Amino acid sequence: MIHILPATQDDIPALARVYVDTWRNQYEGVLPEKFLSRMSYADYENKWTAWLTTPGTTTYVAQTDRQGLVGFAQGGPARDLSLDYFSEMYLLYVAKERQQQGIGRELTAALANEFIKAGLWSMAVWCLRDNPSRAFYDAMGGELLAEKHVGVGGEKFIEIAYGWRDTRVLINGSKQTVTRRR
């Protein structure tokens, strides 16, 4: 069973592990190998310590009873105001062995629901154009909005934005209920 929960400081080691492992799996052959091999759990534990305390951000984790944390989504106010969307999903990653099981959809729904409660009815997300999993955003009904060049590992890549004008479409059909931690 999958549990969608608000992230806590106790999740930091697992968040770092899933983040690094997913980048290495997802972007092998896309991003420079040297960059991917230099990613470390310790560095990302430090980053997650800061990311979890950034005002205005929300992070949800997906946990199983047997595997623990297997994915996460994080978002907050839109960072690129030129897109004219109110909120943004900053991160969405699911461990390779748990992809294609609806976990990304449930995490996205949890984040969208949080945005709606805050009065933020539209959402954008940026991803690398060469991301093999970007079809997820197409399948979720995302509208292609824009593209820009970004630097990763000393090389240039194209990042594309998807958007949803009404985030309620991301919640419809979702089975998730966010479990509150005790």
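You'll find the structure just up there.
Owing to the predicted nature of the structure, the values given are computational and were not obtained by experimental measurement.

(A) Layout of the overall build of the chain. Scanning the chain from N- to C-terminus turns up 6 helices and 7 strands. In the chain, the succession of α and β elements from N to C terminus is β-α-α-α-β-β-β-α-β-α-β-β-α. For the C-alpha atoms alone, the extent of the chain along its principal axes is close to 40 × 40 × 30 Å. By the burial criterion, 48% of the 182 residues in the chain qualify as buried. Contacts in the chain between residues at least 24 apart in sequence constitute 66% of all its contacts with a sequence separation of at least 6. As presented, the chain carries roughly 9600 Å² of accessible surface, and 48% of it is formed by carbon and sulfur atoms. Here the chain contributes 21 positively and 21 negatively charged side chains, and the mean placements of these two sets differ by 3 Å.

(B) Representation of the environment of Ile 171. Mapped onto the elements of the fold, Ile 171 is located in helix α6 (residues 168-171). A C-alpha to C-alpha distance of 8.2 Å links Ile 171 and Glu 106, two positions 65 residues apart in sequence. Beyond its immediate stretch of four places on either side in the chain, Ile 171 contacts Ala 109, Ala 112, Asn 113 and Ile 116.

(C) Inspection of the packing of aromatic side chains at higher detail. All told, the structure shown has 15 aromatic pairs when counted by the stated rule. On the numbers, 5.7 Å between centres and 25° between planes, the contact of Tyr 19 with Trp 23 is stacked. Of this pair, Tyr 19 and Trp 23 both sit in helix α1 (residues 12-26), 4 residues apart, roughly one helical turn. Across the pair, exposure class does not vary: Tyr 19 and Trp 23 are buried alike. Centroid distance Tyr 19 to Phe 72: 6.3 Å. Interplanar angle 20°. Geometry classified as stacked. Separated by 53 residues along the polypeptide, Tyr 19 in helix α1 and Phe 72 in strand β3 (residues 68-77) bring together distant segments of the chain. When sorted by exposure, Tyr 19 lands in the same class as Phe 72, which is buried. An aromatic cluster of at least three residues, connected via ring pairs, comprises Tyr 19, Trp 23, Tyr 27, Phe 35, Tyr 44, Trp 48, Trp 51, Phe 72 and Tyr 93. Directly above the ring of Tyr 85 sits Arg 165, whose terminal nitrogen or CZ lies 3.9 Å from the centroid.

(D) A look at α1. Over its 15 residues, α1 extends 21 Å from the first C-alpha to the last, a length consistent with the 21 Å expected when each residue adds 1.5 Å. Three or more residues of α1 are buried, namely Ile 12, Ala 14, Leu 15, Ala 16, Val 18, Tyr 19, Val 20, Thr 22, Trp 23 and Gln 26. Buried-residue contacts for α1 involve α2 (33-38), α3 (41-51), β2 (58-64), β3, β4 (87-94) and β6 (143-152).

(E) Here's a closer look at the pattern of salt bridges. Inspection of the entire model under this criterion finds 5 salt bridges. For Asp 166, the salt bridge is made with Arg 168, and the minimal N-O distance between the two is 2.6 Å. Overall, the relative accessible area of 45% leaves Arg 168 in the partly exposed class.

(F) Region of the structure containing the pairing of β4. For β4, the tally of buried residues reaches 8 of 8 residues, placing the bulk of the element in the interior. Relative to β4, β3 runs antiparallel, the two being bridged by 7 bridges. Considered in β4, the bridge of Pro 77 is made with Ser 87. One ladder, built from 3 bridges, connects β4 with strand β5 (residues 123-128); its direction is parallel. Its bridge partner lying in β5, Ser 87 is registered against Met 123. In this fold, the crossover linking β4 to β5 by way of helix α4 (residues 103-117) has right-handed handedness.

(G) Up close: the nonpolar core. Core analysis: the biggest nonpolar cluster contains 27 residues, and Leu 15, Tyr 19, Trp 23, Leu 31, Trp 48 and Phe 72 have the highest contact counts within it. Every element with two or more residues in this core is listed here: α1, α3, β3, β4 and β6. Ranked by residue count, the leading element in this core is α1, at 8 residues. If we ignore the near neighbours within four places in the chain, the residues touching Phe 72 are Leu 15, Val 18, Tyr 19, Trp 48, Tyr 60, Val 61, Leu 91, Leu 92, Tyr 93 and Leu 107. With 24 residues, the next largest nonpolar core counts Leu 92, Leu 107, Ala 110 and Phe 115 among its residues.

How each quantity is defined
Residues numbered from 1 in each chain as written. Predicted model: local features only at pLDDT ≥ 70, side-chain atom pairs only at ≥ 80, totals over all residues. Heavy atoms only, no water. Helix = DSSP H or I, 4+ residues; strand = E, 2+ residues; numbered from the N terminus. Buried < 20%, exposed > 50% of the residue type's maximum accessible area, 1.4 Å probe, protein only. Contact = heavy atoms within 4.5 Å. Areas by Shrake-Rupley, 256 points an atom, 1.4 Å probe, with all protein chains shown as cover. Lys, Arg positive; Asp, Glu negative; His and termini not counted. Charge placed at Lys NZ, Arg CZ, Asp CG, Glu CD. Phe/Tyr/Trp six-rings, centres within 6.5 Å; stacked < 30°, edge-to-face > 60°. Lys NZ or Arg CZ within 6 Å of the ring centre and 35° of its normal. Expected span 1.5 Å × (residues − 1). Salt bridge = Lys/Arg side-chain N within 4 Å of Asp/Glu carboxyl O. Pairing = 2+ DSSP bridges. Right-handed = clockwise from strand over helix to strand, strands pointing away. Core = buried A, V, L, I, M, F, W, Y, C linked by side-chain atoms within 4.5 Å.

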